[in-house]
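Structure at a glance
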Amino acid sequence: MITTRNIVLLLLSITVVAPIVLYTERLGTFKYPFAEQEFIEAVTAFAVSAADSGRLNLLPQEFSAALEEPSEVVHIKDTKNTKNLPRGFLFSKPGEHASARVLSATNEGGQTKGENTIKLVTDVVNGGNQSGNLEKYDTTGDVVNGEDAIDVDDNEGKLAKSFDASDQASETMDTKQEQQHLESSGQITKKGPSLLETDKYNDLKPADTRLRQLKDQLIQAKVFLSLQAIRNIPHLTRELRLRVKEVSRTLGDASKDSDLPRNANERMRAMEQTLIKGRQVQNDCTSAVKKLRAMLHSTEEQLRVHKKQTLFLTQLIAKTLPKGLHCLPLRLTTEYYSLNTSQQQFPNQQKLEDPKLYHYAIFSDNILATAVVVNSTVSHAKDTSKHVFHIVTDRLNYAAMRMWFLVNPPRKATIQVQNIEDFTWLNSSYSPVLKQLGSPSMIDFYFKTQRASSDSNLKFRNPKYLSILNHLRFYLPEIFPKLNKVLFLDDDVVVQKDLTGLWSIDLKGNVNGAVETCQQSFHRFDRYLNFSNPHIANNFDPRACGWAYGMNIFDLVQWKKQNITEVYHNWQKLNHDRQLWKLGTLPPGLITFWKRTFPLHRSWHVLGLGYNPNTNQKEIERAAVIHYNGNMKPWLEISIPKFRGYWTKYVDHDLVYLRECNINP
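Residues numbered from 1 in each chain as written. Predicted model: local features only at pLDDT ≥ 70, side-chain atom pairs only at ≥ 80, totals over all residues. Heavy atoms only, no water.

Quick look at the overall build of the protein now. Along the backbone of the protein there are 25 helices and twelve strands. Buried positions account for 48% of the 665 residues belonging to the protein. Long-range pairs, those at least 24 residues apart, make up 71% of the contacts in the protein between residues at least 6 apart in sequence. When the accessible surface of the protein is split by element, carbon and sulfur atoms take 52% of a total near 34400 Å². (Helix = DSSP H or I, 4+ residues; strand = E, 2+ residues; numbered from the N terminus. Buried < 20%, exposed > 50% of the residue type's maximum accessible area, 1.4 Å probe, protein only. Contact = heavy atoms within 4.5 Å. Areas by Shrake-Rupley, 256 points an atom, 1.4 Å probe, with all protein chains shown as cover.)

Strand pairing within a sheet occurs via backbone hydrogen bonds; the two strands may be parallel or antiparallel. Read from one edge of the open sheet, seven strands run β5-β4-β3-β6-β9-β8-β10, paired in mixed fashion. Looking along the sheet, the strands with just one partner apiece sit at the ends: β5 (414-419) and β10 (597-600). If you compare each strand with its neighbour and ignore which way they point, the axes differ by 25 degrees on average. In this structure, strand β8 (residues 512-515) lies alongside strand β9 (residues 551-555), joined through two bridges in antiparallel fashion. (Pairing = 2+ DSSP bridges. Axes fitted to C-alpha atoms, helices over the stretch in contact; angles between N-to-C directions.)

Turning our eyes to something else, we now look at the pattern of salt bridges. Side chains that carry opposite charge are capable of pairing whenever their charged atoms lie near each other. Under the criterion given, the structure shown has 13 salt bridges. Lys 482 is the partner of Glu 353 in a salt bridge, and the nearest nitrogen-oxygen pair spans 3.3 Å. Separated by 129 residues along the polypeptide, Glu 353 in the loop between α12 (323-336) and β3 (358-363) and Lys 482 in the loop between α18 (476-479) and β6 (485-489) bring together distant segments of the chain. What makes Glu 353 partly exposed here is its relative accessible area of 47%. A salt bridge links Asp 490 to Arg 473, with the shortest nitrogen-to-oxygen separation between them at 3.5 Å. Placement of the pair is Asp 490 in the loop between β6 and β7 (493-495) and Arg 473 in the loop between α17 (449-452) and α18, with a sequence separation of 17 residues. Across this residue pair, the class does not change: Asp 490 and Arg 473 are buried. (Salt bridge = Lys/Arg side-chain N within 4 Å of Asp/Glu carboxyl O.)

Following the criterion strictly, the structure yields two disulfides and no others. Sulfur-sulfur distance for the disulfide between Cys 327 and Cys 661 comes to 2.1 Å. Its torsion about the S-S bond being -70 degrees, the disulfide of Cys 327 and Cys 661 is classed as left-handed. Taken together, the residues span a long stretch of sequence, with Cys 327 in helix α12 and Cys 661 in the segment after α25 (656-660) at a distance of 334 residues. Each sulfur in the disulfide pair Cys 518 and Cys 545 lies 2.2 Å from the other. Given an S-S torsion of about -90 degrees, the disulfide between Cys 518 and Cys 545 has left-handed geometry. Residue Cys 518 is found in the loop between β8 and α19 (534-537), and its partner Cys 545 is found in the loop between α19 and β9; the two are separated by 27 residues along the sequence. In this structure, Cys 518 and Cys 545 share a single accessibility class: buried. (Disulfide = S-S within 2.5 Å.)

Considering the arrangement of structural elements, one finds Ser 364 in the loop between β3 and α13 (367-380). A polar contact of 2.9 Å, which involves the side chain of Ser 364, links it to the backbone nitrogen of Asn 366. Here Asp 491 takes part through its side chain, which lies 2.6 Å from a polar atom of the side chain of Ser 364. Beyond its immediate sequence surroundings of up to four residues, Ser 364 is in contact with Thr 370, Val 392, Thr 393, Met 401, Leu 469 and Asp 491. (Polar contact = N/O pair within 3.5 Å; in protein donor to acceptor, adjacent residues only side chain to side chain.)

The geometry of two aromatic rings is summed up by the distance between their centres and the angle between their planes. Under the definition given, this model contains 24 aromatic pairs. A cation sits over an aromatic face here: Arg 473 above Tyr 549, 4.7 Å from the ring centre. (Phe/Tyr/Trp six-rings, centres within 6.5 Å; stacked < 30°, edge-to-face > 60°. Lys NZ or Arg CZ within 6 Å of the ring centre and 35° of its normal.)

Okay, the nonpolar core next. Residues Leu 328 and Trp 404 are the most contacted members of the largest nonpolar core, which totals 64 residues. If we ignore the near neighbours within four places in the chain, the residues touching Leu 328 are Ile 367, Leu 368, Trp 404, Tyr 657, Leu 658, Cys 661 and Ile 663. Formed by 42 residues, the second largest nonpolar core is a distinct cluster that contains Val 392, Leu 469, Phe 554 and Ile 591. (Core = buried A, V, L, I, M, F, W, Y, C linked by side-chain atoms within 4.5 Å.)

Now for a nonpolar patch on the surface. On the surface, Ile 7, Leu 10, Leu 11 and Ile 14 cluster together to form a nonpolar patch covering roughly 390 Å² of accessible area. Tracing the backbone shows Leu 11 in helix α1 (residues 2-27). (Patch = residues over 30% accessible without salt bridge, like charges linked within 9 Å, V, L, I, M, F, W, Y side chains within 5 Å.)

Turning our attention to the side chain of Gln 436. Here Gln 436 is to be found in helix α15 (residues 432-437). A distance of 2.8 Å separates a polar side-chain atom of Gln 436 from the backbone oxygen of Gln 572.

Let us now look at the packing of helix α7 (residues 209-226) against helix α11 (residues 285-319). Helix-helix packing is described using two parameters, namely the angle between the two axes and the distance between the axes. Orientation of α7 relative to α11, taken along the N-to-C sense of each, is 110 degrees, at an axis distance of 10 Å. With respect to α11, the axis of α7 lies roughly perpendicular. As α7 runs across α11, the sense of the crossing is right-handed. In contact with Ile 219, Val 223 and Ser 226 of α7, α11 contributes Ala 288, Lys 291, Leu 292 and Met 295. For the contact of α7 with α11, the class distribution of residues is five nonpolar, one polar and one charged. (Parallel < 35°, antiparallel > 145°, perpendicular 65-115°, else oblique. Left-handed = near helix turned anticlockwise from the far one by under 90°. Nonpolar A, V, L, I, M, F, W, Y, C, P; charged D, E, K, R; others polar.)

Take the sheet that holds strand β12 (residues 625-627) next. Strand order in the open sheet formed by three strands is β7-β12-β11, and the pairing between neighbours is mixed. At either end of the open sheet lies a strand with only one pairing partner, and these are β7 and β11 (605-606). Two strands pair when backbone bridges link them, and β11 and β12 are joined in this way by two bridges, in the parallel orientation. Across the sheet, the residue bridging to His 605 is Val 625, located in β12.

Judged by side-chain charge, Arg 231, Arg 241, Lys 245, Arg 249 and Lys 291 come together as a positively charged surface patch. The element best represented in the positive patch is helix α9 (residues 234-251), accounting for three residues. Take Lys 245: it is sitting in helix α9. (Lys, Arg positive; Asp, Glu negative; His and termini not counted. Charge placed at Lys NZ, Arg CZ, Asp CG, Glu CD.)

Moving on, we come to α12. Its 14 residues give α12 an end-to-end C-alpha distance of 20 Å, which sits within 8% of 20 Å, the value for a rise of 1.5 Å per residue. Along α12, the residues classified as buried are Gly 324, Leu 325, Leu 328, Pro 329, Leu 332 and Tyr 336. Down the axis of α12, the buried side of the element spans an arc of 135 degrees, and every buried residue falls inside it. Of the residues in α12, the exposed ones pointing more than 90 degrees away from the buried face are Lys 323 and Thr 334. (Expected span 1.5 Å × (residues − 1). Arc of directions from axis to C-beta.)

Moving on to unusual backbone geometry. With the exception of glycine, most residues fall at negative phi, and the peptide bonds are largely trans. Here the phi dihedral of Asn 348 falls at roughly 60 degrees; this positive angle occurs in a residue that is not glycine. Here Asn 348 lies in the loop between α12 and β3. Taking the relative accessible area as the measure of exposure, Asn 348 reaches 30% and is therefore partly exposed. In this structure, Lys 595 is a non-glycine residue whose phi angle is positive, near 60 degrees. Relative to the helices and strands, Lys 595 resides in the loop between α22 (586-592) and β10. Classification of Lys 595 by relative accessible area gives exposed; the value is 69%.

With that out of the way, let us pick up the confidence of the model for the protein. Looking at the protein as a whole, its pLDDT mean stands at 74, while 66% of the residues score no less than 70. In this model residues 27-40 is a low-confidence stretch, pLDDT under 50, and it forms 24 contacts with partners more than four residues away in sequence or in other chains. Confidence over residues 181-201 falls short of pLDDT 50; this stretch has 32 contacts with residues more than four positions distant or in other chains. (pLDDT = per-residue confidence, 0-100.)

The next subject is the packing of α7 against α9. Here α7 crosses α9 at 150 degrees, and the two axes come no closer than 10 Å. The angle between α7 and α9 falls in the class roughly antiparallel. Between α7 and α9 lies a crossing whose hand is left-handed. Contacts between α7 and α9 involve Leu 211, Leu 214, Lys 215, Leu 218, Ala 221, Lys 222, Phe 224 and Leu 225 on the former and, on the latter, Thr 237, Leu 240, Arg 241, Val 244, Val 247, Ser 248, Thr 250 and Leu 251.

Here it is in structure tokens:
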């Protein structure tokens, strides 16, 4: 019995110990340079032997014991501890199968050999299938050949082939290689590396990987150029400046990798080589960090200044009358006063007070914009003879506005053009807002330029608020005393459908019919009114839904019944010092028509074409009225190009006046 046991132990020791001894003895014969093919064959044979012996889980420990010599070939158990490892290693996590492990052989100089730098040792998964496929992978997960073992996108790995970097640079590169390899190794399935899966991985890569890397290199180069240690080396400084110029030209206006020129990879490699030289000279991070912080602070300050300048210039160009629109009223005025009195009259004036017809109110000093509103409305009207347009303008544009519609009558529709100066009842003793607009404090608020820099919201300094035309919408019953309903239209809207259905909508006792805008958070009451003031806080809900001015159906019968004009006057008096709201007509409109507004369906009125390029195209197409609210009006060069066509198609470019004034909307 004892003899049999001894024989079994002897055979077991021979079976288990002999392969280890033989393998260790063979491994110890490896000298620099490595006989790489023999080494890989031995490792593969050992892995297969270990798997067959049911000792796959012991493989990491056996590798650690077996690979003590040479020290450059090491299996890493803890991938987080990478600080003192030689360059060129790719790592695998503990517990991973052998099919995901990679060994990298290096020569004495730490330079990666081009032919067999990366080998995959595939092994049994779940104690079953074996795979002996050995493929070379780059850090992006692509299958590559021997000459392209280091991809052009992997700049730091490729440059390590030609340069000796500082320890700090080596650690950084090793960490990046580890992360990149773990990503690529994650694509290996039970059946081994798959080109299809690798392609799938590449499809998930960002479209601007190289672009970002070039920008990062550019920043690093600029930091190096600002450091004294680098500036003390003239040839390196010249080389850095050359690389900065090259990379800057390569980047150009590119927004993604496909926009880069063909030589982008070459420029990237050249820049990285120069940066490695810089790291060898300046290996102290403290100076670079300080410089980067200074650059960041300076950039943020420049951005703040540029944003403020952009806001100011945008407001300026939005409120500046283009040369063509200045020329147009001058020519029309001249033509108007050349007519005799009979020629200056509009037809069908008996319809102006007929409450059975469809009446529109447009208050504007912009002739071309008003013409588009009228033309677009008439174009979609089923019976143009029932539509009456009441246009009110200022004294400067009165003759020109009349001349335009005398020359270009809107089919059978009726036109009335009035001068606001003829409204003798509208004076400072009757209108608090008119009194405020003429006060020295208000004029000082608009025209003291030294105060403009202190006002964070420049739009409230728009001189248009000094025009009573902007506030005339609160006096509709006084302007149209015999009408029951009026549709108010801003001059920056375009009508795309027949609007006659608005007159038949039951407003349920409300005065104002408007489309609500609370789908956007900034269109609620707390964005327009000062809720720190008790007059506002005690009377209104800060989260109440706002609504849009620009296309509003007003019930003038209810207006008079509820004395809306007096409500407006009372709130204007309380706001004499602009403590309840800043300026404009929407805040007092929200207050005046509080709980007196009927919400219309959103398809009646779509806003945002003058400031939001992402306005939903389908909503625009379905809308009855589209509104260019914002600074980018369609008659300005700063308008949003894709929305301009909705407006320009209602401008007759063949008109003599437009050609003579070089107006090309």
